[in-house]
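Here are the chains, one letter per residue:
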Amino acid sequence: MRIGILCLQGAFIEHIHALDKLGADSFEIRQKSDLRRSFDGLIIPGGESTVIGKLLGDLGMTDKVRGMITDGLPVFGTCAGLILLAKRIENDDRTHLSTMDITVMRNAYGRQLGSFACVAPFEGIGEIPMTFIRAPYITEVGANAHALATVDGHIVAARQDNQLVTAFHPELTDDARVHEYFLGMIKGK
Ligand code: GLN
């Protein structure tokens with residue numbers, strides 16, 4: 001099994017380490033030609049969604065990546081990756097890949113609570129540590145998507161078929177169970 005990691009901007013090294021820990025092969029996607037390699041799943045990391053979204057467009061990758069996801073490629077978006085996959089962004093006119101039936105709020109925790117950590121239940125896994133950095137949360141999950149974790153009444157993880165998103169950064173903790181869950185989605189395809 002090989003996972004492509006979108007490495008245009010943001011926190012991607014930690015995802016490579018999490019996959020290493022689980023014995024899954026990964027490679028970096030930096031340009032359109034990298035999408036021609038064969039791979040079984042895609043990770044879109046945290047960072048700045050506007051920057052990653054713009055780079056995807058400038059590199060001519062947006063339509064190709066969107067098509068691969070709508071054709072069923074398993075994808076896991078963390079934080080900015082979640083924003084890139086959302087069909088609706090409450091506080092931004094732009095949308096990016098727009099494949100997942102969720103509404104999100106960027107920088108939803110404001111400046112005071114810019115970064116925080118907690119432990120909360122994740123459906124199908126159990127209690128896991130969650131690290132939030134200038135995180136979004138999901139304000140609405142459409143009929144096609146399903147909430148997997150809630151913190152303080154806000155949805156912070158969701159799934160829609162082949163698409164998994166978390167508002168937090170599982171790659172920044174020692175706990176690789178969300179990555180393992182993603183690998184399970186790929187195997188169960
Ligand atoms: N605040 C960033 C955004 O809006 C996301 C932050 C993150 O990925 N850690 O894109």
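Residues numbered from 1 in each chain as written. Predicted model: local features only at pLDDT ≥ 70, side-chain atom pairs only at ≥ 80, totals over all residues. Heavy atoms only, no water.

Trainee: Tell me about the overall build of the protein, residues and numbers included.
Mentor: Each helix and strand counted, the protein has five helices and twelve strands in total. In the protein, which comprises 189 residues, the proportion classed as buried is 55%. A sequence separation of at least 24 residues applies to 63% of the contacts in the protein between residues at least 6 apart. As displayed, the protein offers around 8,300 Å² of accessible surface, 46% of which is attributable to carbon and sulfur atoms. Treating the 19 positive side-chain charges of the protein as one cloud and the 23 negative ones as another, the clouds have centres 6 Å apart. (Helix = DSSP H or I, 4+ residues; strand = E, 2+ residues; numbered from the N terminus. Buried < 20%, exposed > 50% of the residue type's maximum accessible area, 1.4 Å probe, protein only. Contact = heavy atoms within 4.5 Å. Areas by Shrake-Rupley, 256 points an atom, 1.4 Å probe, with all protein chains shown as cover. Lys, Arg positive; Asp, Glu negative; His and termini not counted. Charge placed at Lys NZ, Arg CZ, Asp CG, Glu CD.)

Trainee: Tell me about the site of the ligand, and name the residues and values.
Mentor: In the region of the ligand, the neighbouring residues are Gly-46, Gly-47, Glu-48, Ser-49, Cys-79, Ala-80, Ile-83, Arg-106, Asn-107, Ile-133, Arg-134 and His-169. Here an oxygen atom of the ligand and a backbone polar atom of Ser-49 are 2.6 Å apart. Take His-169: an N or O atom from its side chain is 3.0 Å from a nitrogen atom of the ligand. In the complex, 96% of the free accessible area of the ligand, which totals 300 Å², lies under the protein chains. Along the lines of polarity and charge, the residues of the shell around the ligand split into four nonpolar, five polar and three charged. (Near = heavy atom within 4 Å. Polar contact = N/O pair within 3.5 Å; in protein donor to acceptor, adjacent residues only side chain to side chain. Nonpolar A, V, L, I, M, F, W, Y, C, P; charged D, E, K, R; others polar.)

Trainee: Tell me what's going on with unusual backbone geometry, and back it up with residues and numbers.
Mentor: Backbone geometry at Cys-79 places phi at a positive 55 degrees, although glycine is not the residue there. Positionally, Cys-79 belongs in the loop between β4 (75–78) and α4 (80–85).

Trainee: Give me the lowdown on the pairing of β4, citing residues and values where you can.
Mentor: If a strand is regular, its side chains alternate between the two faces of the sheet. Along β4, one buried face is formed by Val-75 and Gly-77 and the opposite face, lined by Phe-76 and Thr-78, is buried too. In this structure, strand β3 (residues 41–44) lies alongside β4, joined through three bridges in parallel fashion. In the strand pairing of β4, Ile-43 is matched with Phe-76. (Pairing = 2+ DSSP bridges.)

Trainee: Summarise helix α2 (residues 49–58); cite the residues concerned and give the values.
Mentor: Listing the buried residues of α2 in full gives Ser-49, Thr-50, Ile-52, Gly-53 and Leu-56. Summarising the axial view, the buried residues of α2 lie within an arc of 165 degrees, below the 170-degree limit, and thus occupy one face. Summarising the geometry of α2, the exposed residues directed more than 90 degrees from the buried face are Lys-54 and Asp-58. Where α2 is buried, its residues touch β1 (2–6), α3 (62–70) and α4. Remark: Gly-60 follows α2 within two positions and exhibits a positive phi of approximately 70 degrees. (Arc of directions from axis to C-beta.)

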